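Below are the chains, spelled out letter by letter.
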Amino acid sequence: MISTNRKEKCLIMCLTPLQMIISRKIIESNPDKDFDLVAITLIDNIKYRNYYKKLKKLCKNSLYYISEKGFIGFLHFVKELKLKEINSDYKCIYLASIDSRYFQYIISKNNLANIYTFDDGIANIISNDVYYSNDAPVIWKKIIWRFIGIKYYIKDIRDKSLLHYTIYDDIPNIIEKTQLIKLYENDELIPIIINRIVNIYVGQPLEEISDIFTTEYISNILQKLNIDFYYPHPRENTIPLGDFEIIESDLIFEDYIIRYLQKNPDIKVRVYSFISSAILNICSLNRIEVNYIYDKELYYKYKEFYDIVNSKFNIDLVKI
């Protein structure tokens, strides 16, 4: 006799490697569902493809799309969805980037699907960030998007979300009902004895924030902090000079540091950065000490972020 117990057809959508790691946890916790995958990248690189290849193995059907600008790019995306037969008839949809027009289009085409959201880093816990906005376009643009097929925006998706998966325990999020997901298990990182402490700096494209952050400016700070290793950000144009080793890896920082600690069970790591969400994601791990660097201008611009990481996560702030 043929079984009639069919798994629910679901779709999970990602924009970043961190979202793919969280997606893997979600898929593994829902063995009664079949998942398709849509992964969109703004910057096509080995690191992104590495995480996509791992995640697609858990999915029935998948699309890897390199984002193109403008209306023509959006039409190319719609065409790719049709070619991959990823478009409609999903019982549930999972996503983090609720501001993405690509994802808003898919949800609009699946208006009966149950919606579940998950974290995209610190944007989910900063109340003045885009995910908390009612970012509907002006009327004439809304008419155009409606003609194309988009009728759900940020607030609509928040309202539709039945549950939000989060990596931040007991922290308010974009919807009230949350479920904690642990990215990494802590037990295996318990040390026998600490023999050495190393300092790692996680880079960022700080020149996009202010002209103050020249390579000379950053170099002076890293020297004062006695940085041993520098983990670059993909969008950093230049790396400051200094007496430290550049880390080259096809892993995102969260995965890299886990493997580093596993290989070096007698080492404790001090991690420094300015406003990187990556170091927030590993702050609860054994043998990790996280520190956020700031100056007057940064604190003024990102006051809520610094206040939250200090008060809610008990992370030290290093003033320069």
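Here the structure is shown first, and the text comes after it.
Here's what I pulled together on the structure shown here.

How each quantity is defined
- Residues numbered from 1 in each chain as written.
- Predicted model: local features only at pLDDT ≥ 70, side-chain atom pairs only at ≥ 80, totals over all residues.
- Heavy atoms only, no water.
- Helix = DSSP H or I, 4+ residues; strand = E, 2+ residues; numbered from the N terminus.
- Buried < 20%, exposed > 50% of the residue type's maximum accessible area, 1.4 Å probe, protein only.
- Disulfide = S-S within 2.5 Å.
- Pairing = 2+ DSSP bridges.
- Contact = heavy atoms within 4.5 Å.
- Axes fitted to C-alpha atoms, helices over the stretch in contact; angles between N-to-C directions.
- Right-handed = clockwise from strand over helix to strand, strands pointing away.
- Expected span 1.5 Å × (residues − 1).
- Arc of directions from axis to C-beta.

To continue, consider unusual backbone geometry. One non-glycine residue, N226, lies in positive phi territory at about 55°. Here N226 is to be found in the loop between α7 (215-224) and β9 (229-231). Judged by its relative accessible area of 53%, N226 is exposed. Positive phi is not limited to glycine here, since R287 has a value of about 70°. Within the secondary structure layout, R287 lies in the loop between α9 (277-280) and β12 (288-294).

The next point concerns the state of the cysteines. Under the counting rule described, the total for this entry stands at one disulfide. Unpaired in terms of disulfides, C14 finds its nearest cysteine sulfur in C59, a separation of 8.2 Å.

The strand order across the open sheet built from six strands is β10-β9-β8-β11-β12-β13, with neighbouring strands paired in parallel fashion. Of all strands in the sheet, those bounded by a partner on one side alone are β10 (245-246) and β13 (316-319). Pairing geometry for strand β8 (residues 196-202) and β9, over three bridges, is parallel. Within the sheet, the bridge partner assigned to Y201 lies in β9 and is Y230. Packed on one face of the sheet, helix α8 (residues 253-263) meets β8, β9, β11 (267-273) and β12 and runs near 160° to β11.

Moving on, we get to the pairing of β8. Of all seven residues that make up β8, five are buried, and the element is covered over most of its length. The pairing of β8 with β11 spans six bridges and is classified as parallel. Bridge pairing in β11 places I200 opposite V271. Once you follow β8 into α7 and on to β9, the crossover reads as right-handed.

Across its 14 residues, helix α3 (residues 70-83) extends 20 Å between first and last C-alpha, which sits within 8% of the 20 Å expected from 1.5 Å per residue. All buried positions along α3 are accounted for by G73, F74, F77, V78 and L81. The arc that holds every buried residue of α3, seen down its axis, measures 145°, which confines them to one face. Of the exposed residues in α3, the ones pointing more than 90 degrees away from its buried face are I72, K79, K82 and L83.

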